[in-house]
2 protein chains.
Amino acid sequence: MSALLERLRGRGWRVTSQRRVVAEVLEGDHVHLTADEVHARAVQRLPEISRATVYNTLGELVSLGEVIEVSTDGRAKRYDPNAHHPHQHLVCSRCGTIRDVRPTGDPLADLPAQERFGFTVSEVEVTYRGLCPSCA
Amino acid sequence: MSALLERLRGRGWRVTSQRRVVAEVLEGDHVHLTADEVHARAVQRLPEISRATVYNTLGELVSLGEVIEVSTDGRAKRYDPNAHHPHQHLVCSRCGTIRDVRPTGDPLADLPAQERFGFTVSEVEVTYRGLCPSCA
DNA sequence: TTCTTGACCTGGACTATGTCCATTGTAGGA
DNA sequence: TCCTACAATGGACATAGTCCAGGTCAAGAA
């Protein structure tokens, strides 16, 4: 069983075949699948898994901080399992390919106090856009 | 007639009462309405305006570079008329309030060449998140 | 191993957001 | 004023996501 499932079981998560399959589908680097893509791949391994279960499981993984929800295009949300290494995203404007990237410096530091309007700012999300090598 | 409508007419845009109303609804600073909100306000001034027309007009304004499309929450897209002054967004994680902000420095410069994976990077979009004064 | 139970899964209805298209209307030029 | 190409309408359709009543099963207890 994967380290992820072990961690979740340790936190009282009941490990079912459905949850295992969703976790397996999300393994890897630069993985940014939509819920429907996750469902399509999960169905290959477990034909009777339902869409609702995939949505529920993804939502739980997000709440537990194991997966990050990304919406780079205003269409379907995407799920990024690379949650334990802070990073930003680089998106191809033409084909939609997404890469995880690590900018230098702390983007939070670039927002001066007088531009914070009294907010308590705690997170920054950066999306770089351009053309990937294949599309350029 | 507003400067915006003059500009658009000069570019061959036919000015109709529907388009005028949509443009008027979008006037102001820190305006970030969803398409349905724009429609709701437009209906107050022009009761028979249709949803399709509001979507079409917003899409045209975006293509013409007069309005920016923002999706800060993965739900409905929002339309920001502040298109001629580069800026980023600060969002309250609880109530969703959005402010336009101007960070210092050039966020593009923070992505080193070896983190660009051969992409031609041309744009950056930054979303700061936190709690607004009322929600904190 | 079997039992028990509450958490989990399912399928389908439902909501929200956005797109498409055939028909009708009209802005702006001749 | 009249014409016509462009725009608006409204309803069907598409996509993404949520909710729920009822059936199922993982994991601890004995």
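Residues numbered from 1 in each chain as written. Chains lettered and ligands numbered in written order. Predicted model: local features only at pLDDT ≥ 70, side-chain atom pairs only at ≥ 80, totals over all residues. Heavy atoms only, no water.

*Asks:* Looking at this model, I keep getting lost on the overall build of chain A. Mind explaining?
*Replies:* Within chain A one finds four helices and six strands. Starting at the N terminus, the α and β elements of chain A follow one another as α-α-β-α-α-β-β-β-β-β. Projected onto its principal axes, the C-alpha coordinates of chain A cover approximately 50 × 40 × 25 Å. Classification of the 136 residues of chain A by burial places 44% in the buried group. Here the analysis covers contacts within chain A between residues at least 6 apart in sequence; of these, 47% occur between residues at least 24 apart. As displayed, chain A offers around 7,300 Å² of accessible surface, 47% of which is attributable to carbon and sulfur atoms. Of the charged side chains in chain A, 17 are positive and 18 negative; the average position of the first set lies 4 Å away from that of the second. (Helix = DSSP H or I, 4+ residues; strand = E, 2+ residues; numbered from the N terminus. Buried < 20%, exposed > 50% of the residue type's maximum accessible area, 1.4 Å probe, protein only. Contact = heavy atoms within 4.5 Å. Areas by Shrake-Rupley, 256 points an atom, 1.4 Å probe, with all protein chains shown as cover. Lys, Arg positive; Asp, Glu negative; His and termini not counted. Charge placed at Lys NZ, Arg CZ, Asp CG, Glu CD.)

*Asks:* Explain the protein's contact with DNA strand D here, please?
*Replies:* Within the structure, DNA strand D sits among 18 residues, and Thr16, Gln18, Glu48, Ser50 and Thr53 of chain B are positioned closest to it. Taken together, the sugar and phosphate atoms account for 69% of what DNA strand D places within 4 Å of the protein. The separation between a phosphate oxygen of DNA strand D and a polar side-chain atom of Tyr55 of chain A is 3.2 Å. One of the side-chain N or O atoms of Arg19 of chain B is found 3.1 Å from a phosphate oxygen in DNA strand D. Of all elements in the fold, only α4 (51–63) of chain A together with α2 (17–25) and α4 (51–63) of chain B reach the threshold of two or more residues within the surface near DNA strand D. Taken together, the residues of the surface near DNA strand D sort by class into six nonpolar, four polar and eight charged. (Near = heavy atom within 4 Å. Polar contact = N/O pair within 3.5 Å; in protein donor to acceptor, adjacent residues only side chain to side chain. Nonpolar A, V, L, I, M, F, W, Y, C, P; charged D, E, K, R; others polar.)

*Asks:* Can you walk me through the relation of the copies chain B and chain A in this structure?
*Replies:* In this arrangement, two copies of a chain are superimposed by a rotation about an axis accompanied by a shift along the axis. Between chain B and chain A, which share one sequence, the superposing operator has a rotation angle of 180° and an axial displacement of 0.0 Å; the RMSD is 0.1 Å. In short, the pair behaves as if placed about a two-fold rotation axis. Ranked by how close their C-alpha atoms come to the rotation axis, the residues of chain B are headed by Val126 of chain B, at 2.3 Å. Interface overlap between copies is the fraction of interface residues in one copy that are interface residues in the other; for chain B against chain A it reaches 100%, indicating a shared surface. (Least-squares fit on C-alpha atoms with pLDDT ≥ 70 in both.)

*Asks:* Help me understand α2 of chain B, please; the structure alone is not making it clear to me.
*Replies:* Along an α-helix, residues three or four positions apart point the same way, because every turn accommodates 3.6 residues. Taken together, the buried positions of α2 of chain B are occupied by Arg19, Val21, Val22, Ala23 and Val25 of chain B. Summarising the contacts, the buried residues of α2 of chain B are in contact with α1 (3–10), β1 (33–34), α3 (35–45) and α4 of chain B.

*Asks:* For this particular structure, what's the right way to read the interface of chain B and chain A?
*Replies:* By a widely used convention, the size of an interface equals the accessible area lost when the partners come together. Taken together, the 40 residues of chain B in the interface contact 40 residues of chain A. In total, chain B and chain A occlude about 3,200 Å² of area from one another, counting both sides; carbon and sulfur atoms represent 58% of this. Our enumeration of links across chain B and chain A arrives at two salt bridges. Close ionic contact of Glu125 of chain B with Arg129 of chain A constitutes a salt bridge, the shortest N to O distance being 3.2 Å. Taken together, the elements giving at least two residues each to the side of chain B that touches chain A come down to β4 (88–92), β5 (98–101) and β6 (120–131) of chain B. In terms of residue count, β6 of chain B provides more of the side of chain B that touches chain A than any other element does, twelve residues in total. Partitioning the side of chain B that touches chain A into residue classes produces 19 nonpolar, ten polar and eleven charged. The pairing of strand β6 (residues 120–131) of chain A with β6 of chain B spans eleven bridges and is classified as antiparallel. (Buried area = accessible area lost by both parts, 1.4 Å probe. Salt bridge = Lys/Arg side-chain N within 4 Å of Asp/Glu carboxyl O. Pairing = 2+ DSSP bridges.)

*Asks:* Sorry if this is basic, but what is going on with the packing of α2 of chain B against α3 of chain B here?
*Replies:* The relative placement of two packed helices comes down to the angle between their axes together with the axis-to-axis distance. All names here are of chain B. In the contact formed by α2 and α3, the axes pass within 9 Å of each other and the chain directions differ by 120°. Judged on the interaxial angle alone, α3 and α2 are oblique. Read as a crossing pair, α2 and α3 show a hand that is right-handed. Residues Val21, Val22, Glu24 and Val25 of α2 form the contact with α3, whose participating residues are Val38, Arg41, Ala42 and Arg45. Within the contact of α2 with α3, the residues separate by chemical class into five nonpolar, no polar and three charged. (Axes fitted to C-alpha atoms, helices over the stretch in contact; angles between N-to-C directions. Parallel < 35°, antiparallel > 145°, perpendicular 65-115°, else oblique. Left-handed = near helix turned anticlockwise from the far one by under 90°.)

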